[in-house]
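# Architecture at a glance
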Amino acid sequence: MENITFRIRRYDGTNTWVQEYRLPYEKGKTILWALTKIKDEIDPTLNFTSACRHAICGSCGVKVNGHAFLACKTSLDKLLETFDTSVLYFEPLGNYDVVRDLVVDWKPKMEKMKKIKPWLLPSREGSIEEGFRQSKQQFAKISSSTDCILCGICASECGQLAINDGGYLEPFIINKAYRFAVDSRDNAPEEHIRPVLENELWKCIHCMQCVSKCPKEIPLTDEIAYLRKETMKMGEVHNQGARHAYAFYHDVKKWGRLNEMTLPIKTDGMVTTLRKRIPFAYRMIVKGKINPLRLPKAVKGIKGVRKIYQQVEEESKS
Amino acid sequence: MLKYDVIVVGAGGAGMMAALYASKDKNLRVACLSKIFPTRSHTGAAQGGINAAMGYRDATDSPEKHFRDTVKGSDFLADQDAVEFFTANMPAIISELDYYGVPFSRDPNGRIAQRPFGGASSPRTCYSADKTGHVILHALYEQCLKNNVEFLDEWFLLSLVVADETFHGLVAMNIKTGEIHPFLAKAVVIATGGFGRIYWNRTTNAINMTGDGTAACFNAGIPLKDPEFVQFHPTGLASTGILLSEACRGEGGYLINREGERFMKRYAPEKMELAPRDLVSRSIEMEIKAGRGFGQGLEAYVLMDLRHLGKEKIMERLPQVRELAMDFEGVDLIDEPVPIRPSCHYMMGGIHVSDYTTLATPVEGIHAAGECACVSIHGANRLGGNSVADVVLFGKYAGIGARESARKRPFGLETLVIKEAKKWESKFATMRNKTSGIRLVDIRNKMAEVMWNYVGIFRHEQEMRVALETIDQLLNDYEHAYIGDPALRYNTAFVHYVEIGNLLTLAKAVVLGAINRKESRGSHARADYPQRDDENFLKHTLIYKRGDRYELKYLPVKITKYPPEERKY
């Protein structure tokens, strides 16, 4: 390959257009190298942000061929191989307001972050003069979540944010809530968790994009599962998400499979189901997705399933 | 008119600590202004740790020992009263950071873990794995959010308004809109970091470390102290300057030249690669100068070879280093050696601070902290683990100092700041309309080349004279530069233009300080004056800028306890 073509989505505050640049191929270079070279040598009007150049400041998140990457640490060779093309299409991160070209606005995200009280609410065991005692195990609990560099890649890739009308929290905000909720030095985990619940915690659609694209490999969906569990322990069991989870839990325990007929009733209640789900259910029946006449029967290996339940319950007690 | 009691410029460790402390007085309106989003600040890049004599790992450690190590490390150029204040107050700062939620690594007793570092006589470096600066930066941002500090993100400081040695306010640009605003303020804290970018790519510094606050103070009549002291780290990755940890050599990595020879045997036959940083840096440059490196000019490099350690050991001990080499140099250390070259790392010099308890500068109302400032506690050479310590501790006292300044000072004159803003507006308009001239990138690259070649690790009068002439020529060229972007909104080409002006202004001070210091001390190695000369140069350089003229003065070093002696390890 002699040249790489960079098609970059430009924006000047009013107009959007796509501009094409070409650079001779060089082995072992990064996305950021290319952007910098274009700005230095071809077009000084191109704008993007970067700072540390080694994946710790989080400035340079950008979308290439539809996927978000940290520009400084992503090699062009890898992209060319993955997408099997010499044409790369650049866009700003998704789910952000764009300021200019590839530059996005972080301010609204930080305003949103304040909802979860993103700071330590110190317990009485410590003081500003003496600090805290914290065991190695307790430190290990916050180690991975404090790797977050606020690069915004998780938010760009998030399936729920893409369809949400603004209520759902960005994965990095959820991570921040988790980070304080599990810190042994924090006195009030509920104050971080409750706002996450109230901001559509149960709407995560498990697309796993945040986990697979995070440059720091933070297990965001595990954190979401933890937060959900904690809200149920807090007694928040009557919301749609919790009821849905319980319906799964009980159905599988009872029959080894879901009962598609009763799931909406258990999740949304009878009234809502009758009001909203009847046409949907009708379409499901027509397509053969559910059969209202079939009574559920336990699966063949149901004893094994129940054994798993038992084991998990015992383990979570110890 | 934008009016604040205290404006903190810079949102790294020093700036956010200052903003946090200034905002503890609820009667004061405090803003923290930064040209980038706060958590992008370079404090986040600090890996190793933060020094404080907690005595957790070694009960014999004490602030007194930390004091002595720092003075010795500084090659006796640090002010000892300031160092004593610094080391005595550090343990309290660590507890405070713990209280703010910084996730420190822990020892088996649940106390903050400590590890040994170069130049320290006890293991006193507190850390959080290898992300110490990152977690401190984020914790301070969280605390500022909690305290309702008003953040002006992506605002760019253009100049400080000082008339008759009185501070009136400042002028800054809202980068997102392109609007230029005058600000009135009773006090300001400058915390804008170092200016390693005078060497452009040959630095471990972030792309935006351009000394904007330092240049603004310098232009406003505040002297620079000891700008000639520039620290180099031996193992930066060749093509980007990104830091590759000293652990590579610690684990037994070889440095080899083009002939495949372990050249350190020529310079330090016993210690080899484990010789001190400055010596290793100088050795690598000697090889390159002798034509035994790879590549040419600024692109030249030598190799660090770790292959003999074997895959298992590399994966176990140096997995992140391997990742850095793969991501940024395209090299897998298991199969290939990695190109490295010394890289500019830290500025010991900076804005002259005249009171280490308030971080006040000679202009009342202007305070400075962090790498941009020279207190001086690092003297001619900074010890590892002392820079993050410096930013949080002096950031705190700068915040307190600025709070006191704001309480006793009135607002300045609106007319003066408006006039200064108008000047910048017209400059911005002129630069946007210009369609031809000298390319900014060419000026920048020439500056980096001449600074690296002639005012880098080795210095010689004749070469530095050439550098001085070149910088003067570039300052002249700068008047004819064009930026190539007519837009108002998010015009990074214009921001870069101002940054390059700042770098040129500061580079000239570095050269002048270096030419006039006719001795070798700490990081300042003169080929023509290889010895330390206490008789003539046990003193701080002060450089003043009066219009285009630079004036040199000197200031005695404060020696309270440790008389200078030969530095041996």
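All values derive from a computational prediction rather than experimental measurement.

Here Arg106 of chain B lies in the loop between α3 (80-99) and β4 (114-115). Residue classification places Arg106 of chain B among the buried positions, given a relative accessible area of 4%. Among the polar contacts made by the side chain of Arg106 of chain B, one reaches the side chain of Asp98 of chain B at a distance of 2.8 Å. Excluding anything up to four places from it in sequence, Arg106 of chain B contacts Phe132, Arg133, Gln134, Ser135, Lys136, Phe139 and Arg185 of chain A together with Asp98, Arg111, Ile112 and Ala113 of chain B.

Before going further, it helps to examine the pattern of salt bridges. Side-chain pairing between opposite charges can occur once the charged atoms of the two side chains come close. Residue and element names in this part refer to chain A. For the structure shown, the criterion picks out 67 salt bridges over all chains. For Lys109, the salt bridge goes to Glu170, with nearest N and O atoms at 2.7 Å. One end of the pair, Lys109, is in helix α3 (residues 107-113); the other, Glu170, is in the loop between α6 (159-163) and α7 (171-181), with 61 residues separating them in the sequence. In this structure Lys109 comes out as buried when scored by relative accessible area, which is 9%.

Bringing the interface of chain B and chain A into the picture now. In many reports, interface size means the accessible area that the parts give up when they come together. Counting residues at the interface gives 64 residues for chain B and 62 residues for chain A. Both sides of the chain B and chain A interface together cover about 5100 Å² of buried area, and 52% of this is carbon and sulfur. When residues of chain B are sorted by the area they lose upon contact with chain A, Arg40, Tyr99 and Arg489 of chain B head the list and together hold 15% of the total. Counting across the chain B and chain A interface gives 9 salt bridges. Measuring nitrogen to oxygen at the nearest pair gives 2.7 Å for the salt bridge that ties Asp147 of chain A to Lys131 of chain B. Residue assignment for the side of chain B that touches chain A shows that the elements contributing at least two residues are α3, α4 (132-146), β6 (150-153), α10 (319-329), α13 (440-454) and α15 (492-516) of chain B. When the residues that make up the side of chain B that touches chain A are grouped by side-chain class, the tally is 24 nonpolar, 21 polar and 19 charged.

Once that is clear, we can look at unusual backbone geometry. Of the consecutive residues Val375 of chain B and Ser376 of chain B, the connecting peptide bond is found in the cis state with omega at 0 degrees. Its location among the elements puts Ser376 of chain B in the loop between β17 (373-374) and α11 (386-408). Positive phi values are uncommon outside glycine, yet His206 of chain A reaches one of about 55 degrees. Structurally, the position occupied by His206 of chain A is in the loop between α8 (189-198) and α9 (209-213). With a phi angle near 50 degrees, Asp226 of chain B is a residue other than glycine that sits in the positive phi range.

What follows deals with the sheet that holds strand β13 (residues 302-305) of chain B. Residue and element names in this part refer to chain B. Spatial ordering of the open sheet is given by β11-β14-β13-β12, a layout of 4 strands whose pairing is antiparallel. Strand pairing shows two members of the sheet lacking a second neighbour, β11 (230-237) and β12 (254-256), which therefore form its edges. Averaged over neighbouring strand pairs, the angle between their axes works out to 45 degrees when direction is ignored. With 3 bridges joining them, β12 and β13 adopt antiparallel strand pairing. From the neighbouring strand, Ile256 faces β13, where its bridge partner is Leu303. Together, β11, β12, β13 and β14 (338-347) form the strand contacts of helix α8 (residues 277-289), whose direction differs from that of β11 by roughly 65 degrees.

All names here are of chain B. At their nearest, the axes of helix α5 (residues 212-219) and α15 sit 9 Å apart, and the two run at 65 degrees to each other. One finds that α5 runs roughly perpendicular with respect to α15. The two elements α5 and α15 cross, and the hand of that crossing is left-handed. Where α5 abuts α15, its residues Asp212, Thr214, Ala215, Phe218 and Asn219 lie against Glu499, Asn502, Thr505, Leu506 and Ala509. Residues of the contact of α5 with α15, tallied by class, amount to 4 nonpolar, 4 polar and 2 charged.

The share of residues in chain B with pLDDT of 70 or more is 99%, and the mean pLDDT across the chain is 94. In the predicted assembly, ipTM is 0.92 and pTM is 0.93.

For the rest of this paragraph, the subject is the sheet that holds strand β2 (residues 16-24) of chain A. Residue and element names in this part refer to chain A. Taken in spatial order, the 5 strands line up as β2-β1-β5-β3-β4 in an open sheet, and their pairing is mixed. Two strands in the sheet have a free side with no partner beyond their single neighbour: β2 and β4 (67-70). When strand polarity is set aside, the average angle formed by the axes of neighbouring strands in this sheet is 30 degrees. Relative to β2, strand β1 (residues 3-11) runs antiparallel, the two sharing 9 bridges. Bridge assignment links Arg7 to a residue of β2, and that residue is Glu20. Contacting β1, β2, β3 (61-64), β4 and β5 (87-91), helix α1 (residues 31-42) crosses the sheet at an angle of about 95 degrees to β2.

All names here are of chain B. Here helix α1 (residues 13-22) crosses α11 at 40 degrees, and the two axes come no closer than 7 Å. Relative to α11, the element α1 lies oblique. Where α1 crosses over α11, the two elements pack in a sense that is right-handed. In contact with Gly13, Ala14, Met17, Ala18, Tyr21 and Ala22 of α1, α11 contributes Val391, Val392, Gly395, Lys396, Gly399, Ile400 and Arg403.

Take the packing of aromatic side chains next. All names here are of chain B. For the coordinates displayed, the defined rule picks out 25 aromatic pairs over all chains. For the pair Trp155 and Phe183, a centre-to-centre distance of 5.5 Å together with 80 degrees between the ring planes defines the contact as edge-to-face. Of this pair, Trp155 sits in strand β7 (residues 155-163) while Phe183 sits in strand β9 (residues 179-190), and the two are 28 residues apart along the sequence. Look at Phe183 and you get buried, because its relative accessible area is 0%.

Here is what the cut-offs are and how they apply
- Residues numbered from 1 in each chain as written.
- Chains lettered and ligands numbered in written order.
- Predicted model: local features only at pLDDT ≥ 70, side-chain atom pairs only at ≥ 80, totals over all residues.
- Heavy atoms only, no water.
- Helix = DSSP H or I, 4+ residues; strand = E, 2+ residues; numbered from the N terminus.
- Buried < 20%, exposed > 50% of the residue type's maximum accessible area, 1.4 Å probe, protein only.
- Polar contact = N/O pair within 3.5 Å; in protein donor to acceptor, adjacent residues only side chain to side chain.
- Contact = heavy atoms within 4.5 Å.
- Salt bridge = Lys/Arg side-chain N within 4 Å of Asp/Glu carboxyl O.
- Buried area = accessible area lost by both parts, 1.4 Å probe.
- Nonpolar A, V, L, I, M, F, W, Y, C, P; charged D, E, K, R; others polar.
- Pairing = 2+ DSSP bridges.
- Axes fitted to C-alpha atoms, helices over the stretch in contact; angles between N-to-C directions.
- Parallel < 35°, antiparallel > 145°, perpendicular 65-115°, else oblique.
- Left-handed = near helix turned anticlockwise from the far one by under 90°.
- pLDDT = per-residue confidence, 0-100.
- Phe/Tyr/Trp six-rings, centres within 6.5 Å; stacked < 30°, edge-to-face > 60°.

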